[in-house]
Amino acid sequence: IGKKVQAIYLWWHKPVVDKELLQSLPNLKVIANSGVGMDHLDLKLIASFGVKMANAPRAVSSTTADTGMALLLASARRLVEVHNISISPSMDYCEADILGVKVAGATLGIIGMGRIGYKIAVRAKAFEMNILYHNRTRRKVQEEQAVGATYCKKIDSLLQQADFVMLVVSLTPQTHKLIGKRELELMKPTATLINISRGAVVDQEALVAALQTGVIRAAALDVTSPEPLPRDHALLKLKNIIITPHLGIKTDKATYMITEEAVENILAALNGLPLPSEVLPS
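Residues numbered from 1 in each chain as written. Predicted model: local features only at pLDDT ≥ 70, side-chain atom pairs only at ≥ 80, totals over all residues. Heavy atoms only, no water.

The chain is annotated in an unreviewed UniProt entry as Glyoxylate reductase/hydroxypyruvate reductase of Motacilla alba. Recorded under Sequence similarities (unreviewed entry), the UniProt text for the chain is reproduced unchanged: "Belongs to the D-isomer specific 2-hydroxyacid dehydrogenase family." (UniProt positions renumbered as here; feature names shortened; annotations may be inferred.)

In this section: the pattern of salt bridges. One pass over the structure, following the stated rule, counts 11 salt bridges. Taking the shortest distance from any N to any O, the salt bridge between arginine 123 and aspartate 66 comes out at 2.7 Å. Remark: aspartate 66 occurs in helix 3 (residues 57-76) and arginine 123 occurs in helix 5 (residues 115-126); sequence separation between them is 57 residues. By relative accessible area, which is 21% here, arginine 123 ends up partly exposed. Of the charged contacts, one joins arginine 182 and aspartate 156 as a salt bridge, the two residues approaching to 3.0 Å between their closest N and O atoms. Linking arginine 182 in helix 8 (residues 181-186) with aspartate 156 in helix 7 (residues 155-161), this pair joins segments that are 26 residues apart in sequence. (Salt bridge = Lys/Arg side-chain N within 4 Å of Asp/Glu carboxyl O. Helix = DSSP H or I, 4+ residues; strand = E, 2+ residues; numbered from the N terminus. Buried < 20%, exposed > 50% of the residue type's maximum accessible area, 1.4 Å probe, protein only.)

Moving on, we come to the sheet that holds strand 3 (residues 52-54). Here three strands make up an open sheet; going across it, the order is 1-2-3 and the pairing parallel. Two strands close off the open sheet at either side, each with one partner strand: strand 1 (7-10) and strand 3. Strand-to-strand twist across the sheet, computed as the mean angle between neighbouring axes with direction ignored, equals 15°. In this structure, strand 1 lies alongside strand 2 (residues 30-33), joined through four bridges in parallel fashion. Looking at strand 2, one finds that isoleucine 8 is bridged to isoleucine 31. In the packing of helix 10 (residues 252-270) onto the sheet, the strands contacted are strand 1, strand 2 and strand 3, and the crossing angle to strand 1 comes to about 160°. (Pairing = 2+ DSSP bridges. Axes fitted to C-alpha atoms, helices over the stretch in contact; angles between N-to-C directions. Contact = heavy atoms within 4.5 Å.)

This part is about the domain arrangement of the chain. Domains assigned within the chain are domain 1 (2-55 + 251-271) and domain 2 (60-243). Here domain 1 meets domain 2 over a buried area of about 560 Å², counting both sides, of which 62% is carbon and sulfur. When residues of domain 1 are sorted by the area they lose upon contact with domain 2, Val36, Asp39 and Ala254 head the list and together hold 56% of the total. Summed over the shared surface of domain 1 and domain 2, the number is one salt bridge. Linking arginine 198 and aspartate 39 is a salt bridge whose minimum nitrogen-to-oxygen distance equals 3.0 Å. Between the two partners, domain 1 and domain 2, sit one residue pair in polar contact (both at pLDDT 80 or more). (Domains from an automatic or database assignment. Buried area = accessible area lost by both parts, 1.4 Å probe. Polar contact = N/O pair within 3.5 Å; in protein donor to acceptor, adjacent residues only side chain to side chain.)

Looking now at unusual backbone geometry. Looking along the chain, the bond that leaves serine 225 and enters proline 226 is cis, with omega of 0°. In this structure, proline 226 sits in the loop between strand 9 (218-221) and strand 10 (241-243). In this structure, the amide linkage connecting glutamate 227 to the following residue, proline 228, adopts the cis form with an omega of -5°. Of note in this structure, histidine 246 is not a glycine but carries a positive phi near 55°. Among the secondary structure elements, histidine 246 is positioned in the loop between strand 10 and helix 10.

We now examine the environment of glutamate 205. Locating glutamate 205 in the fold gives a position in helix 9 (residues 204-213). With relative accessibility at 55%, the residue glutamate 205 sits in the exposed group.

Right, let's get into the pairing of strand 7 (residues 164-167). Side-chain alternation along strand 7 places Phe164 and Met166 on one buried face and Val165 and Leu167 on a second face that is also buried. For strand 4 (residues 107-111) and strand 7, the ladder comprises four bridges, and the chain directions are parallel. Looking at the pairing, glycine 109 lines up with valine 165 of strand 7. Where strand 7 lies against strand 8 (residues 192-195), four bridges are found, and the strand directions are parallel. Bridge pairing in strand 8 places phenylalanine 164 opposite threonine 192. This β-α-β element, strand 7 to helix 8 to strand 8, shows right-handed connectivity. (Right-handed = clockwise from strand over helix to strand, strands pointing away.)

Below, the structure written as structure tokens:
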């Protein structure tokens, strides 16, 4: 049926789009991705076949921002740790030294202030947090003022000041291992790293060492590299970390909206109209 296929809807990176597949689909017009990240696709290769590409930023931004804030709050108040204590057969009281971190008044540093990053800032403002952000391009003054965010031109400045560092960047050659040993050592020893972007944005071996030696207080990850981690990975043995299985977009409504957005892009491509969420190769 290769000659009949005009569109591909990718769900969780399937099917794998490689040269062989593209050559087998001579009438392919568009590939619609179920999410924002496109790092699993060779955009230049696909474009060379005259195929358009689209993602689903509108559908996933609010849900992913919710995931980021959920991880922040869960880590700050040690929810996973105290849950395990609460359901333990030997539990008869809550230890007084199980202390969390106050969120109100704390400083959140957002690295990547795109659509999702900005929605995180909106949520953080409601929790009375001080907000710093680093981005390739600065937001408009009105947008900064609306959430009370302060722009940090250099990432180092943000890392040194933030109590919570939230990673919300796309995975590119420039952001691969963006947070490594040097960056972790710039952070406060009381700080928490939260990653809802892609696992490869963080040097995981450096993160293991930082968590083991108290360079930073804790980490909360919705993404790892690979996914899932090998069952003997050092990150899985630490108490000061929360790991979730890439839950960012996984709600019933978001899944429905992602499919709607994909269909909207596919129909536009098939009818020769501009794609609402077209992604161009850089």
